[in-house]
Amino acid sequence: VEMFKHWGIKGSNKGKSIIMASLKIDYIAQLKHPAKIVIGQRISRIGKTSFDIESVVFNSNDEPVCHALVVAVCFDFENQLPVDVYDSIKVDYGK
């Protein structure tokens, strides 16, 4: 959520918007509730209209518990079309 705010994306269907086109989760190990976890995220790919957000959940021993990959698409809801990845995202990743 913080990175979307940083990029000027408010999470509404107006102005700069992003939709989730795909979500893949691979479960590696079990956790018992309650558990302390650490979540790491990074942008692993930037394309013309989409980018990938890779996430890994680690347990308290720094072992991976699951891995997720989200394909996010920059989207214009008024015209119902994908748009080029926003400059605010490209600037953060040297594109």
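Here the structure is a predicted model, which means the values were calculated and not measured.

Examining the pairing of strand β3 (residues 50-58)
Of all nine residues in β3, eight are buried, a share of seventy percent or more. Pairing between strand β2 (residues 38-46) and β3: eight bridges, direction antiparallel. Across the sheet, residue I46 finds its bridge partner in β3, namely F51. Between β2 and β3, which pair antiparallel and follow one another directly, the connecting turn spans three residues. Examined bridge by bridge, β3 and strand β4 (residues 64-76) share nine bridges and lie antiparallel to one another. Residue pairing for β4: V57 is matched across the bridge by C66. Here β3 folds back onto β4 in antiparallel fashion, the turn holding five residues, of which D62 has a positive phi close to 60°.

A word on the environment of R45
With respect to the secondary-structure elements, R45 resides in strand β2. Remark: the alpha-carbon pair of R45 and A35, spanning 10 residues in sequence, is separated by 30 Å. Ignoring sequence-local partners within four residues, the contact set of R45 consists of S50, F51, D52 and V71.

Conventions and cut-offs
Residues numbered from 1 in each chain as written. Predicted model: local features only at pLDDT ≥ 70, side-chain atom pairs only at ≥ 80, totals over all residues. Heavy atoms only, no water. Buried < 20%, exposed > 50% of the residue type's maximum accessible area, 1.4 Å probe, protein only. Helix = DSSP H or I, 4+ residues; strand = E, 2+ residues; numbered from the N terminus. Pairing = 2+ DSSP bridges. Contact = heavy atoms within 4.5 Å.

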